[in-house]
Amino acid sequence: SLSGSSVFTHLFLLRCCGFCRLSRSSTARRGLSVAHEVYRALTLTLTVVYLLQECVYAYQERTDMDKLSRVMFLLLCHITSVAKQLVFYLDADRIDYLIATLDDPSYNEMSHQRLLVDASRWASRFVWAYSGCAVVTCTLWIVFPIIYHVQGQTVEFPFWIQIDYTKSSMFVVVLLYSYYVTTLVGIANTTMDAFMATILGQCKTQFTILRIKFETLPTRAKQALRCDSEQNYDEVLMRLFHDCLKHYQKIVSAILIQFGIGAWILCMAAYKIVNLSVLSIEFASMILFISCILTELFLYCYYGNEVSTESERLVTSIYSMEWVGARLGFQRGLLVLLERARRPVRPAAGLVIPLSLQTFLKIIKSSYTFYAVLRQTK
């Protein structure tokens with residue numbers, strides 16, 4: 001469907017990374033499903049093992065602030081990634097249901113095809129650009145170990161490993177292992193964020209469509225009478241009103257660790273970047289990393305804010321329709337809906353932290369506060 005196509009690219013990337021299971025309708029052969037479940041288990045094991053290695057390294061280097069800052073921003077980023085990965089594991093049925101809901105006919109009315117197509121195209125382009133930025137960042141990170149190794153310098157990877165990788169053969173193995181896991185987490189993490197942002201974006205688009213439907217409700221009822229003069233205007237008006245009400249209920253029913261940790265990730269990355277040369281490749285890679293984290297947080301806050309704003313506008317759209325002269329039953333139903341719509345939809349992380357631009361600003365301020373404290377204690 002038009003709405004469902006908005007998450008097609010996201011699901012493709014997440015299934016390739018092993019973070020999202022295959023659709024049951026697409027697994028014609030049981031062997032393919034079993035093989036993909038094994039692959040998912042392997043990716044989860046790798047990400048958890050790598051996270052534990054980073055935790056051990058962070059504990060061993062807890063007295064060296066430079067080494068600690070080097071590993072902490074990646075470690076915290078991997079924590080959020082594993083948390084999201086577990087959500088996709090444990091809530092797989094609910095995620096499948098959420099995806100299937102996008103194919104509901106009320107979300108895919110052809111009269112609003114342009115809005116749906118634009119939303120789908122933007123979602124696809126954005127996820128490719130966002131995940132591509134993560135790949136470029138991870139690729140830049142492997143440049144430094146290669147250069148240092150070629151120059152004969154000692155290379156220390158920011159995770160615990162009991163293998164002598166001074167030899168070229170083992171160095172390549174450890175380097176590829178680090179690059180694979182980091183890139184896998186980078187692609188999956190950005191795609192999962194883009195997936196949730198797209199869902200919120202679809203909610204915002206559906207609210208826009210719903211507002212248009214309410215504003216043109218009497219006009220559409222009159223057009224229906226021109227096509228079939230045997231119908232009663234009030235009956236047609238109530239039927240269209242009930243359709244809009246069902247659409248509203250579906251949008252509302254469709255509607256994390258990330259925000260608590262996001263400030264710390266930005267803090268540790270900022271602490272590391274101040275000691276780098278502006279013209280160095282490492283500085284460029286850290287700028288890309290910080291951009292990814294800022295985008296990650298901004299996506300949730302921006303689209304959560306957009307959903308709230310669009311749902312608030314719904315009251316004006318309902319009141320703006322030509323309700324004067326309609327029968328009393330319709331006006332009563334309209335009044336009840338107005339009272340409900342006065343409480344806008346406000347998405348929240350963990351039912352506690354509101355997804356709004358104010359929350360994003362608070363995260364930026366808190367990350368700077370953490371950074372300032374660390375600089376003073378150095």
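Residues numbered from 1 in each chain as written. Predicted model: local features only at pLDDT ≥ 70, side-chain atom pairs only at ≥ 80, totals over all residues. Heavy atoms only, no water.

Peer 1: I'd like to hear about the overall build of the protein chain, residue by residue, with values.
Peer 2: Counting its secondary structure elements, the protein chain contains 13 helices and two strands. Counting the 378 residues in the protein chain, one finds 48% classified as buried. Carbon and sulfur atoms form 63% of the exposed surface of the protein chain, whose accessible area is close to 19300 Å². (Helix = DSSP H or I, 4+ residues; strand = E, 2+ residues; numbered from the N terminus. Buried < 20%, exposed > 50% of the residue type's maximum accessible area, 1.4 Å probe, protein only. Areas by Shrake-Rupley, 256 points an atom, 1.4 Å probe, with all protein chains shown as cover.)

Peer 1: Describe the pattern of salt bridges, listing the residues and the values that go with them.
Peer 2: Applying the stated rule across the entire model yields eight salt bridges. Of the charged contacts, one joins Asp96 and Arg21 as a salt bridge, the two residues approaching to 2.5 Å between their closest N and O atoms. Within this pair, whereas Asp96 is found in helix 4 (residues 92-101), its partner Arg21 is found in the loop between helix 1 (8-17) and helix 2 (30-60), the two being separated by 75 residues in sequence. In this structure, Glu37 and Arg40 form a salt bridge, with 3.3 Å as the shortest nitrogen-oxygen distance. One end of the pair is Glu37 and the other is Arg40, both in helix 2 and three residues apart, which spans about a single turn. When salt bridges with common partners are traced through the structure, they connect Arg211, Glu215, Glu310 and Arg313 into a single cluster. (Salt bridge = Lys/Arg side-chain N within 4 Å of Asp/Glu carboxyl O.)

Peer 1: Could you give an account of the environment of Ala194, naming the residues involved and the relevant values?
Peer 2: Along the polypeptide, Ala194 turns up in helix 7 (residues 168-215). According to the relative accessible area criterion, Ala194 is buried, its value standing at 0%. Separated by 66 residues in the primary sequence, Ala194 and Trp128 have C-alpha atoms spaced 9.7 Å apart.

Peer 1: Pulling in residues and values, what's your account of the state of the cysteines?
Peer 2: Each disulfide consists of a covalent bond between the sulfur atoms of two cysteine residues. Scanning the entire structure with this criterion turns up zero disulfides. Cys16 provides the cysteine sulfur closest to Cys17, a residue in no disulfide bond, and the two sulfurs are 6.8 Å apart. (Disulfide = S-S within 2.5 Å.)

Peer 1: Break down the nonpolar core for me, citing the residues and quoting the values.
Peer 2: Phe214, Leu217, Phe241, Leu314, Ile318, Met321 and Phe330 are the most contacted members of the largest nonpolar core, which has 37 residues in total. Among the secondary structure elements, those contributing two or more residues to this core are helix 5 (113-141), helix 7, helix 8 (217-227), helix 9 (233-254), helix 11 (281-320) and helix 12 (328-341). Contacts of Leu314, omitting those with residues within four sequence positions, involve Phe207, Leu210, Arg211, Phe214, Tyr248 and Ala341. (Core = buried A, V, L, I, M, F, W, Y, C linked by side-chain atoms within 4.5 Å. Contact = heavy atoms within 4.5 Å.)

Peer 1: Before we move on, can you summarise the packing of aromatic side chains with the specific residues and values?
Peer 2: For the coordinates displayed, the defined rule picks out twelve aromatic pairs. Ring centres of Phe157 and Tyr165 lie 5.1 Å apart, and the angle between their planes is 70°; on these two criteria the pair is classed as edge-to-face. The two residues Phe157 and Tyr165 agree in class, both being buried. An aromatic cluster of at least three residues, connected via ring pairs, comprises Tyr50, Phe157, Phe159, Tyr165, Phe171 and Tyr177. Over the ring of Tyr89 we find Arg40; its NZ or CZ atom is 4.0 Å from the centre of that ring. The ring of Tyr59 has Arg62 lying over it, and the distance from NZ or CZ to the ring centre is 4.1 Å. (Phe/Tyr/Trp six-rings, centres within 6.5 Å; stacked < 30°, edge-to-face > 60°. Lys NZ or Arg CZ within 6 Å of the ring centre and 35° of its normal.)

Peer 1: Explain the UniProt feature "transmembrane region" (unreviewed entry) in the protein chain to me, and be specific about the residues and the numbers.
Peer 2: The feature "transmembrane region" (unreviewed entry), as annotated in UniProt, sits at residues 71-90, 127-148, 168-188, 251-271 and 283-303 in this numbering. Between the end C-alpha atoms of residues 127-148 the distance is 33 Å, and the span holds 95% helix and 0% strand. (UniProt positions renumbered as here; feature names shortened; annotations may be inferred.)

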